[in-house]
Every structure is written in structure tokens, then in C-alpha cells.
Amino acid sequence: MNDTLTNETPGNGTLANGTLANGTAGDPAPRNDAVDQILGQWARVRPDVDCSAMGVAGRISRASRLLEKGIKEYFAGHDLEPWEFDVLATLRRANSDHRLCMSDLATAAMVSSAALTNRVDRLVARGLVHREVAPSNRRMVLITLTDKGQAVVDTLLEGHVANEERMLSGLTGEDRERLSGLLCKLLTSLGDVGSR
């Protein structure tokens, strides 16, 4: 979805088809976010196309970018990239050894093996993880969290959670529970399921 918006926005949030920009008819408190503006523009120029799916996907995409920005700013203040914390945190919570093979770590991090190799190289150079060949299988590479890496995760975890709490402060506990359930349903439908 294009983030570039014009200054032409519906004055009262009403679209060409008579519904409000948030997709409801007669809602007394219409939303008025950037996506509503985009939907209003499409309703004017292409009233024959139902763009309601764009409203859902666009909001998820924009929320993701804004949340990622806030997370990146938090970790930048601690000389860390979000992906570095993700890898370290994945190892921290994985098992009692804080160790995973490269393929499992790549799956958890949702990156290619090549991308993960580069990331692990950087973490090894910083002394945050250790890499070794599995004794029982020379083709398997194991990545283990070092004591230094564990200290980084444990030190930053509470601040990271507090930062996310701050960014979600516009939602009530009930809002979060409902949103979390809907997002879980969406992710499952898209094939993003946990391992058994």
C-alpha cells in the first residue's frame, strides 16, 4: 500500500458509496487514520473495487513498520540491532543448553541459511555466540549462546518488554487479547504455525 497521501481527505469520513471510511454504515465515531484516507481516495477513483482487504493488510503493514521503528530505536540505544537480540533471545529460550543447529535457528529467525551465516559471523566476532561442528554429525553446525550473550539478553529483556508495553499503551488489555487472537488466526491461516 502506498504511504504517500494527498491532502484530499473526506471531510466527514464518508465514502462515495455512502459508508464511512472505516467500512461501517453510520458508525458514530469513525476512525480517521492514514489507511482511512487511502481507502477514501480509492473509493472516489475506483468505487467499483472493494478495497476492504487493503484496509486490513495496510494497517498490519503500517503498524509493523512503526513497531519495528520503536524496537530498533530501543536496541540502538544499547548498541544492538533487533535481529541480534532476536537470535540471542531465540537461543536463550530454546533449551537448557541455549544451543540450536543452524537450520533450526534459521527457521526460528525466518531468514535464509546464507543470511543467518552472516549474522552468526557478526555475533561470534562480538563474543555473543559460539559456533562448532556437532561431534555426532560433521555436517551439522551448532550455535551456542555464550555467557556474555546470555547477559546481554537478560539485561535488555525487561527494557524491551517495557518499550513494547509503551507502544501498545493505546490498547486496553481486552483490546490486546482480541487483537492477539485475530492475528494468531491470520498467521495460522498463512501457514505460520509453531513446531510441535
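Residues numbered from 1 in each chain as written. Predicted model: local features only at pLDDT ≥ 70, side-chain atom pairs only at ≥ 80, totals over all residues. Heavy atoms only, no water.

S.K.: What is the right way to look at helix H4 (residues 102-109) in this model?
M.R.: Counting along an α-helix, one turn takes 3.6 residues, and residues three or four places apart therefore face a common direction. All buried positions along H4 are accounted for by Met102, Leu105 and Ala106. In a view along the axis of H4, the buried residues occupy a sector of 100°, so they form one face of it. Each element contacted by the buried residues of H4 is listed here: helix H3 (82-94), strand E1 (99-101), helix H5 (113-125) and strand E3 (137-145). Met110 lies just past H4 and shows a positive phi near 55°. (Buried < 20%, exposed > 50% of the residue type's maximum accessible area, 1.4 Å probe, protein only. Helix = DSSP H or I, 4+ residues; strand = E, 2+ residues; numbered from the N terminus. Arc of directions from axis to C-beta. Contact = heavy atoms within 4.5 Å.)

S.K.: Could you clarify how one ought to interpret the environment of Gly40 in this entry?
M.R.: Its place among the elements puts Gly40 in helix H1 (residues 34-45). Since its relative accessible area comes to 2%, Gly40 is described here as buried.

S.K.: Would you explain the pattern of salt bridges in this entry?
M.R.: Close approach of charged atoms allows side chains of opposite charge to pair. A full pass over the atoms with the stated rule returns 13 salt bridges. Note that Asp48 is salt-bridged to Arg46, the shortest N-O span being 2.7 Å. Classification of Arg46 as partly exposed rests on a relative accessible area of 38%. Residue Asp175 is joined to Arg178 by a salt bridge in which the shortest nitrogen-to-oxygen separation is 3.0 Å. (Salt bridge = Lys/Arg side-chain N within 4 Å of Asp/Glu carboxyl O.)

S.K.: What exactly am I supposed to notice about the packing of aromatic side chains here?
M.R.: Both the distance between ring centres and the angle between the ring planes are used here to describe each pair of aromatic rings. Considering all chains together, one arrives at 2 aromatic pairs under this definition. Pairing Tyr74 with Phe75 gives two aromatic rings, centres 5.0 Å apart and planes at 70°, and the pair type is edge-to-face. A single burial state applies to Tyr74 and to Phe75, both of which are buried. Connected via pairs of aromatic rings, a cluster forms that spans Tyr74, Phe75 and Phe85. (Phe/Tyr/Trp six-rings, centres within 6.5 Å; stacked < 30°, edge-to-face > 60°.)

S.K.: Before we go on, may I ask you to explain the packing of H3 against helix H6 (residues 147-167) in this structure?
M.R.: Relative placement of two packed helices is described by the angle separating their axes and the distance separating the axes. Between H3 and H6, the shortest axis-to-axis distance is 10 Å and the interhelical angle comes to 105°. With respect to their mutual orientation, H3 and H6 come out roughly perpendicular. Taken together, the residues of H6 that come into contact with H3 (itself represented by Phe85, Leu88, Ala89 and Arg92) are Gly149, Gln150, Val152, Val153, Asp154, Leu156, Leu157 and His160. Here the contact of H3 with H6 is composed, by residue class, of 7 nonpolar, 3 polar and 2 charged. (Axes fitted to C-alpha atoms, helices over the stretch in contact; angles between N-to-C directions. Parallel < 35°, antiparallel > 145°, perpendicular 65-115°, else oblique. Nonpolar A, V, L, I, M, F, W, Y, C, P; charged D, E, K, R; others polar.)

That's the geometry; what it means functionally is another story.
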